[in-house]
Amino acid sequence: MTPAHAELTVGDVSRRSGVAVSALHFYEREGLIQSRRTSGNQRRFRREVLRRIAFIRIAQRVGIPLAQVRETLDELPDSRTPTRADWEKLSRAWRVELDDRIRRLQQLRDDFSGCIGCGCLSLDRCAMANPGDQLGEEGPGPRRLA
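The shown structure was predicted, so the numbers you read here are calculated from the model rather than taken from an experiment. (Residues numbered from 1 in each chain as written. Predicted model: local features only at pLDDT ≥ 70, side-chain atom pairs only at ≥ 80, totals over all residues. Heavy atoms only, no water.)

Engineer: Account for the nonpolar core, naming residues and giving values.
Structural biologist: Generally speaking, soluble globular proteins have nonpolar side chains that are buried together. Residues Val-13, Leu-24, Tyr-27, Ile-33, Ile-53 and Val-69 are the most contacted members of the largest nonpolar core, which totals 21 residues. At the level of elements, α1 (10-17), α2 (21-29), α3 (49-61), α4 (66-74) and α5 (84-118) are the ones that each hand at least two residues to this core. Among the elements that line this core, the one with the most residues is α3, at six residues. Look past the residues within four positions of Ile-33 in its chain and what remains in contact with it is Leu-24, Tyr-27, Glu-28, Phe-45, Val-49, Arg-52, Ile-53 and Ile-56. (Core = buried A, V, L, I, M, F, W, Y, C linked by side-chain atoms within 4.5 Å. Buried < 20%, exposed > 50% of the residue type's maximum accessible area, 1.4 Å probe, protein only. Helix = DSSP H or I, 4+ residues; strand = E, 2+ residues; numbered from the N terminus. Contact = heavy atoms within 4.5 Å.)

Engineer: Give a detailed account of the packing of aromatic side chains, specifying residues and quantitative values.
Structural biologist: Under the defined criterion, the tally for this structure stands at four aromatic pairs. Residues Phe-55 and Trp-94 carry aromatic rings whose centres are separated by 6.2 Å and whose planes lie at 40° to one another, so their mutual orientation is tilted. Here Phe-55 is found in helix α3, whereas its partner Trp-94 is found in helix α5, with 39 residues between them in sequence. Judged by relative accessible area, which is 5%, Trp-94 ranks as buried. What links up through ring pairs into an aromatic cluster is the set Phe-55, Trp-87 and Trp-94. (Phe/Tyr/Trp six-rings, centres within 6.5 Å; stacked < 30°, edge-to-face > 60°.)

Engineer: Mind laying out the sheet that holds strand β3 (residues 43-46), listing which residues take part and the relevant values?
Structural biologist: The strand order across the open sheet formed by three strands is β1-β3-β2, and the pairing between neighbours is antiparallel. Bordering the open sheet on either side are β1 (7-8) and β2 (36-37), each of which pairs with just one other strand. Here two bridges tie β2 to β3, and the two strands are oriented antiparallel to one another. Looking at β3, one finds that Arg-36 is bridged to Arg-44. (Pairing = 2+ DSSP bridges.)

Here's what the structure looks like:
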C-alpha cells in the first residue's frame, strides 16, 4: 500500500496537472487513470498519475482519440506510467497517422484558400464543394447535409 504522504487528492492532481477535476473524474471513468478510495470515500492518486495525465494530454493535443490512448495505456504492464521508451515507441507508431492527418489538412487548406479567393459563391461552379455540379443531378435541397 502506498504511504498517505505519497498520495495526492483530486484537487492536488488538478492543480499540478492543469486538468479540471471533472476531466479527472472522466479520465478515471474511462479507465485512463486510477485512484483508490479512503475510508471517507475520497479519491487518492499516486504521484505517478501526473506523468500519465501528461501523456494523455500530449496525445490529445496531437489528435489521438482517447479510446486509442486508453488501448495504448492498457498495454502497459500493471497499469504503470509510460516511460520515455514507451513514448518513443508510441510516437513512432502514431507518426504515420499524424503525417497522414497533416497531409489531409494541408490539402484541405490549399483547396479551401483557393475557394475563398474566387468569390463565386456558387455551388454549381465550385470545384471544391461540388465539382461538375454533381450534387445538382441528385435533386433539390441540401444534398451534403443529408
